[in-house]
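As a plain string of letters, each chain reads:
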Amino acid sequence: MLSHFWGTWAKINGCRRGFSTSFRREALQTRSVIEKASSPWSLHAAVCLQRLPVISAACSPIEQRFKAMLQQMELEKSLMSDHELRVLEDAERIRRKQADDYDSDEEDSRGDQDIVLAQDLEDAWEQKLKSFQPAPRVRADAEKDLTSLERCLADTLLLLAEHQVGDRKLWLLPQSEWQEGETLRQTAERALASLSAAELKATFLSNAPCGVYKYKLPKGARTDSLIGSKVFFFKAVLAERAPPASTSRPCVWLKKSELERHLKAPYGKKIQRFLLEQ
């Protein structure tokens, strides 16, 4: 009897717990929907897409002096290479050949042809070096073109897109409004994909946002159900330098020092906190 009683009680209690858990879950979901419907803030996700430096930055004066010091230390402590030893050997053979007591029978079977072979190599290398023209560090045609990926190759560039906010057009990070059923990162990826016909190849650095910014819409655009937006930022780096075929809205690539002229001060201050420095 006791066994039957305890079994019946456990079943009843289990049903109660299952009903209670299910009820709480449904209540939380209902409250979430109600809160979302009543929230006057819309959710957006934005991409902080950066093109990392393509070439090394120019050395500062102290870096140049330090580099020269390291090269001098390395030269003083280094051993002679095989080519340098061969140059000394050839010089010694020439000195013996020019001596008064020179005996050709003492020379090896290489003959006279190889005596200046090391010097001939150096002359050929010198001529090849003179004909080599390094690629320019600055492209004059792209330096002032803010839409070009080929500008400022030694600096990190940030992508900005023009967005319509109320009755004004503002430069912002590429962003899109969050839709039901997707994560914020998926929203950020969609914002980036919607910019160009040829999708930009980017590597996202995290599934979590690196910052958030809240702003109110202009007074003329506010309503009782919508007064502003909350924007969650995701960091990404450009994986391929090939520019997109076309863009759906104006876009620019800017250095960190150029952001102040394009962004609103509060918005730019938020972005400056998580920009990568290279």
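Residues numbered from 1 in each chain as written. Predicted model: local features only at pLDDT ≥ 70, side-chain atom pairs only at ≥ 80, totals over all residues. Heavy atoms only, no water.

1. Describing the side chain of Ser42
Reasoning step 1: As for its position among the elements, Ser42 is in strand 1 (residues 41–51).
Reasoning step 2: Look at Ser42 and you get buried, because its relative accessible area is 9%.
Reasoning step 3: Within the structure, the side chain of Ser42 is placed 2.7 Å from the side chain of Ser229, a separation counted as a polar contact.
Reasoning step 4: Look past the residues within four positions of Ser42 in its chain and what remains in contact with it is Glu177, Leu226, Gly228, Ser229 and Lys230. (Helix = DSSP H or I, 4+ residues; strand = E, 2+ residues; numbered from the N terminus. Buried < 20%, exposed > 50% of the residue type's maximum accessible area, 1.4 Å probe, protein only. Polar contact = N/O pair within 3.5 Å; in protein donor to acceptor, adjacent residues only side chain to side chain. Contact = heavy atoms within 4.5 Å.)

2. Quick word on the pattern of salt bridges
Reasoning step 1: For the structure on display, the rule yields four salt bridges.
Reasoning step 2: Its salt-bridge partner being Arg190, residue Glu182 comes within 2.7 Å of it at the nearest N-O pair.
Reasoning step 3: Since its relative accessible area comes to 15%, Glu182 is described here as buried.
Reasoning step 4: In this structure, Glu189 engages Arg185 in a salt bridge whose closest nitrogen and oxygen atoms are separated by 2.9 Å. Of this pair, Glu189 and Arg185 both sit in helix 6 (residues 184–193), four residues apart, which is roughly one turn of that helix.
Reasoning step 5: For Glu189, a relative accessible area of 32% corresponds to the partly exposed category.
Reasoning step 6: A relative accessible area of 23% places Arg185 in the partly exposed class. (Salt bridge = Lys/Arg side-chain N within 4 Å of Asp/Glu carboxyl O.)

3. Comments concerning the environment of Arg261
Reasoning step 1: Along the polypeptide, Arg261 turns up in the loop between strand 8 (251–254) and helix 7 (265–272).
Reasoning step 2: When its relative accessible area of 63% is taken as the criterion, Arg261 is described as exposed.
Reasoning step 3: For the pair Arg261 and Trp171, spaced 90 residues apart in sequence, the C-alpha separation works out to 10.0 Å.

4. Some words on the nonpolar core
A general trend in soluble globular proteins is that nonpolar side chains are found buried together.
Reasoning step 1: Within the largest apolar cluster, 21 residues are counted, with the highest numbers of intra-cluster contacts made by Leu158, Leu160, Leu173, Phe233, Leu259, Tyr267 and Ile271.
Reasoning step 2: Those elements that provide at least two residues to this core are strand 1, strand 2 (157–165), strand 3 (168–172), strand 6 (211–216), strand 7 (228–238), strand 8 and helix 7.
Reasoning step 3: In terms of residue count, the dominant contributor to this core is strand 2 (three residues).
Reasoning step 4: With sequence-adjacent residues up to four places away left out, Phe233 is seen in contact with Ala46, Leu173, Pro209, Cys210, Gly211, Val212, Tyr213, Tyr267 and Phe274.
Reasoning step 5: Within the second largest apolar cluster, 18 residues are counted, among which are Leu149, Leu195, Phe234 and Leu238. (Core = buried A, V, L, I, M, F, W, Y, C linked by side-chain atoms within 4.5 Å.)

5. Focus: the packing of helix 3 (residues 82–98) against helix 4 (residues 117–131)
Reasoning step 1: It is the contact of helix 3 with helix 4, at a shortest axis distance of 8 Å, that shows an interaxial angle of 130°. On the basis of the axis angle, helix 3 is oblique to helix 4. Taking contact as the criterion, the partners of His83, Arg86, Val87 and Asp90 in helix 3 are, on helix 4, Leu117, Ala118, Leu121, Glu122 and Trp125. (Axes fitted to C-alpha atoms, helices over the stretch in contact; angles between N-to-C directions. Parallel < 35°, antiparallel > 145°, perpendicular 65-115°, else oblique.)

6. So, the pairing of strand 1
On a regular strand, one side chain projects to one face of the sheet and the next to the other, so that they alternate.
Reasoning step 1: Most of strand 1 sits inside the fold, with 10 of its 11 residues counted as buried.
Reasoning step 2: Where strand 1 meets strand 7, 10 bridges bridge the pair, whose relative direction is parallel. Counterpart to Gln50 in the pairing with strand 7 is Val237.
Reasoning step 3: Pairing analysis gives two bridges linking strand 1 to strand 2, with the strands arranged antiparallel. By the bridge assignment, Gln50 is partnered in strand 2 with Leu158. (Pairing = 2+ DSSP bridges.)

7. Brief notes about a nonpolar patch on the surface
Reasoning step 1: A cluster of nonpolar side chains, contributed by Phe66, Met69, Leu70 and Met73, occupies part of the molecular surface with about 370 Å² of accessible area.
Reasoning step 2: Locating Phe66 in the fold gives a position in helix 2 (residues 61–77). (Patch = residues over 30% accessible without salt bridge, like charges linked within 9 Å, V, L, I, M, F, W, Y side chains within 5 Å. Areas by Shrake-Rupley, 256 points an atom, 1.4 Å probe, with all protein chains shown as cover.)

8. A few points about the state of the cysteines
Reasoning step 1: Following the criterion strictly, the structure yields zero disulfides and no others.
Reasoning step 2: With no disulfide of its own, Cys48 lies 6.2 Å from the sulfur of Cys210, the closest cysteine sulfur.
Reasoning step 3: Cys48 gets classed as buried once you look at its relative accessible area, which sits at 0%. (Disulfide = S-S within 2.5 Å.)

9. Describing the side chain of His163
Reasoning step 1: With respect to the element layout, His163 can be found in strand 2.
Reasoning step 2: A relative accessible area of 9% places His163 in the buried class.
Reasoning step 3: Within the structure, the side chain of His163 is placed 3.4 Å from the backbone oxygen of Leu173, a separation counted as a polar contact.
Reasoning step 4: Setting aside residues no more than four positions away along its own chain, His163 makes contact with Arg168, Lys169, Leu170, Leu172, Leu173, Pro174, Gln175 and Arg249.

10. Notes on unusual backbone geometry
Reasoning step 1: The phi dihedral of Cys152 falls on the positive side, at around 50°, and the residue is not glycine.
Reasoning step 2: Along the chain, Cys152 turns up in the loop between helix 5 (140–143) and strand 2.
Reasoning step 3: With relative accessibility at 5%, the residue Cys152 sits in the buried group.

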